[in-house]
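For reference, the chains in residue letters:
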Amino acid sequence: EKFDIVKKWGINTYKCTKQLLSERFGRGSRTVDLELETQIELLRETKRKYESVLHLARALTAHLYSLVQTQHALGDAFADLSQKSPELQEEFGYNAETQKLLCKNGETLLGAVNFFVSSINTLVNKTMEDTLMTVKQYETARWDRELGGLRAPGEVWRQVSDAGIVRRLEYDAYRTDLEELSMGPRDAGAVSRLDAAQSQFQSHKDKYEKLRADVAIKLKFLEENKIKVMHKQLLLFHNAISAYFAGNQQQLEQTLKQFNIKLKTPGAEKPSWLEEQ
């Protein structure tokens, strides 16, 4: 039994290595699903764009946090001067109140923006990345770059296995084998070999198509989830930013309630949402 397992592994390794080298030198063909590969490339492009949005949103959070801290310090300075400057007490006083109100609204906006950042981060670095991990088990477009050049066939095959592209290679290797036998003579021995090749090809075809179906399903679910998440997050971002710059404190607070965002407890030692990321 062990001998049969080793023999089967050896034959499979030989066929796949032969297929890999044949593709590498332009003599063999590989299966390409243009529709699926277009979707995969679109996903990568979308991920890059969302990463850019995430980077900018984090920068906005940092700037807002700095602004809130400055307003808080300025409000304290105005309040102190109000107590020590009787002739300007009223002027310093209402400026202190204005800065405190701006500070409060800024902290509310920070809560909304931080929630936006957290959600986009989950979508990009967990949901999209999980789908791309499934894609990597299917695709072969980058195999040559991943291998970093050809080495001994045994080492090439080991690295190919690590790259997670065995299914497609097996499928194409046994497809090529079947095509070559189909074009040969049809004596008794050839017919027997052809039947065996057909059976092996069908087995590897089923495995490959299952992997392809897994990728297609993942891409479909990701697209649905992306639309659902972004619809909510873009509405939150728009409403919060609009209310803040319109000076509508009530609408700003209502936005956070609408999306069930909990603000940090007032008076906490660390008032920074930025530090929680």
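Residues numbered from 1 in each chain as written. Predicted model: local features only at pLDDT ≥ 70, side-chain atom pairs only at ≥ 80, totals over all residues. Heavy atoms only, no water.

As recorded by an unreviewed UniProt entry, the protein chain carries the name ARFP2 protein and is attributed to Prunella fulvescens.

Quick notes on the overall build of the protein chain
Of the regular secondary structure elements, the protein chain holds 8 helices and 0 strands. Shown N-terminal to C-terminal, the secondary structure of the protein chain runs as helices and strands in the order α-α-α-α-α-α-α-α. Each of the 277 residues in the protein chain was classed as buried or not, and the buried ones make up 36%. Sequence-distant contacts in the protein chain: of pairs separated by 6 or more residues, those separated by 24 or more amount to 79%. Surface summary for the protein chain: the accessible area is close to 16900 Å², and the carbon and sulfur share equals 56%. (Helix = DSSP H or I, 4+ residues; strand = E, 2+ residues; numbered from the N terminus. Buried < 20%, exposed > 50% of the residue type's maximum accessible area, 1.4 Å probe, protein only. Contact = heavy atoms within 4.5 Å. Areas by Shrake-Rupley, 256 points an atom, 1.4 Å probe, with all protein chains shown as cover.)

Overview of the pattern of salt bridges
Following the criterion strictly, the structure yields 10 salt bridges and no others. For Glu129, the salt bridge identified is with Lys47, shortest N-O distance 3.5 Å. Of this pair, Glu129 sits in helix H3 (residues 89–138) while Lys47 is found in helix H2 (residues 34–84), placing the two residues 82 residues apart along the sequence. Relative accessible area serves as the criterion here: at 26%, Glu129 is assigned to the partly exposed category. We classify Lys47 as buried; its relative accessible area is 11%. Taken together, the shared-partner salt bridges in this structure form one network comprising Glu41, Glu45 and Arg48. (Salt bridge = Lys/Arg side-chain N within 4 Å of Asp/Glu carboxyl O.)

Focus on helix H8 (residues 249–258)
Of all the residues in H8, the buried ones are Leu252, Thr255 and Leu256. Here the buried residues of H8 occupy an arc of 95° about the axis, which is enough to place them on one side. With respect to the buried face of H8, the exposed residues turned more than 90 degrees away are Gln250 and Lys257. The first or second residue beyond H8 is Asn260, which carries a positive phi of 55°. (Arc of directions from axis to C-beta.)

Remarks on the packing of aromatic side chains
By convention here, two paired aromatic rings are described through the distance between centres and the angle between planes. Summed over all chains, the structure comprises 3 aromatic pairs. Measuring from centroid to centroid gives 6.0 Å for Phe78 and Phe92, while their planes differ by 35°, and the two rings are tilted. Of the two residues, Phe78 is situated in helix H2 and Phe92 in helix H3; the sequence distance between them amounts to 14 residues. The class of Phe92 is buried, set by a relative accessible area of 18%. Considering the side-chain rings of Tyr244 and Phe245, the 4.9 Å spacing of their centres and the 90° angle between planes classify their relative orientation as edge-to-face. What makes Tyr244 buried here is its relative accessible area of 12%. (Phe/Tyr/Trp six-rings, centres within 6.5 Å; stacked < 30°, edge-to-face > 60°.)

What about unusual backbone geometry?
Not every positive phi belongs to a glycine, and Asn260 is a case in point at roughly 55°. Judged by relative accessible area, Asn260 falls into the exposed class, the value being 63%.

Digging into the UniProt feature "coiled-coil region" (unreviewed entry) in the protein chain
The sites that carry the UniProt feature "coiled-coil region" (unreviewed entry) are, in the present numbering, residues 194–225. Across residues 194–225 one finds 100% helix and 0% strand; the C-alpha atoms that close the span lie 46 Å apart. (UniProt positions renumbered as here; feature names shortened; annotations may be inferred.)

Focus on the environment of Gly106
Mapped onto the secondary structure, Gly106 falls in helix H3. For Gly106, a relative accessible area of 1% translates into the label buried. It is 9.9 Å that separates the C-alpha atoms of Gly106 and Phe245, two residues lying 139 residues apart in sequence. Among residues more than four places away in sequence, those in contact with Gly106 are Val68 and Tyr244.

Section: the confidence of the model for the protein chain
Per-residue confidence for the protein chain gives a mean pLDDT of 78, with 72% of residues at or over 70. Element-level mean pLDDT values for the protein chain span from 37 in helix H4 (residues 143–147) up to 93 in H2. Across residues 140–164, confidence stays below pLDDT 50; counting only partners more than four residues off in sequence or on other chains, it has 41 contacts. For the stretch residues 266–277, pLDDT sits under 50, and the model shows 23 contacts to residues farther than four places along the chain or on other chains. (pLDDT = per-residue confidence, 0-100.)

Side note on the side chain of Gln71
By the secondary structure assignment, Gln71 is in helix H2. Leave out the neighbours within four places in its chain, and Gln71 touches Gln99, Leu102, Cys103 and Tyr244.

Structural notes on the environment of Asn225
Relative to the helices and strands, Asn225 resides in helix H7 (residues 188–245). Expressed as a C-alpha distance, the spacing of Asn225 and Met128, which sit 97 residues apart in the sequence, is 10.0 Å. If we skip the residues at most four places from it in the chain, Asn225 touches Leu123 and Thr127.

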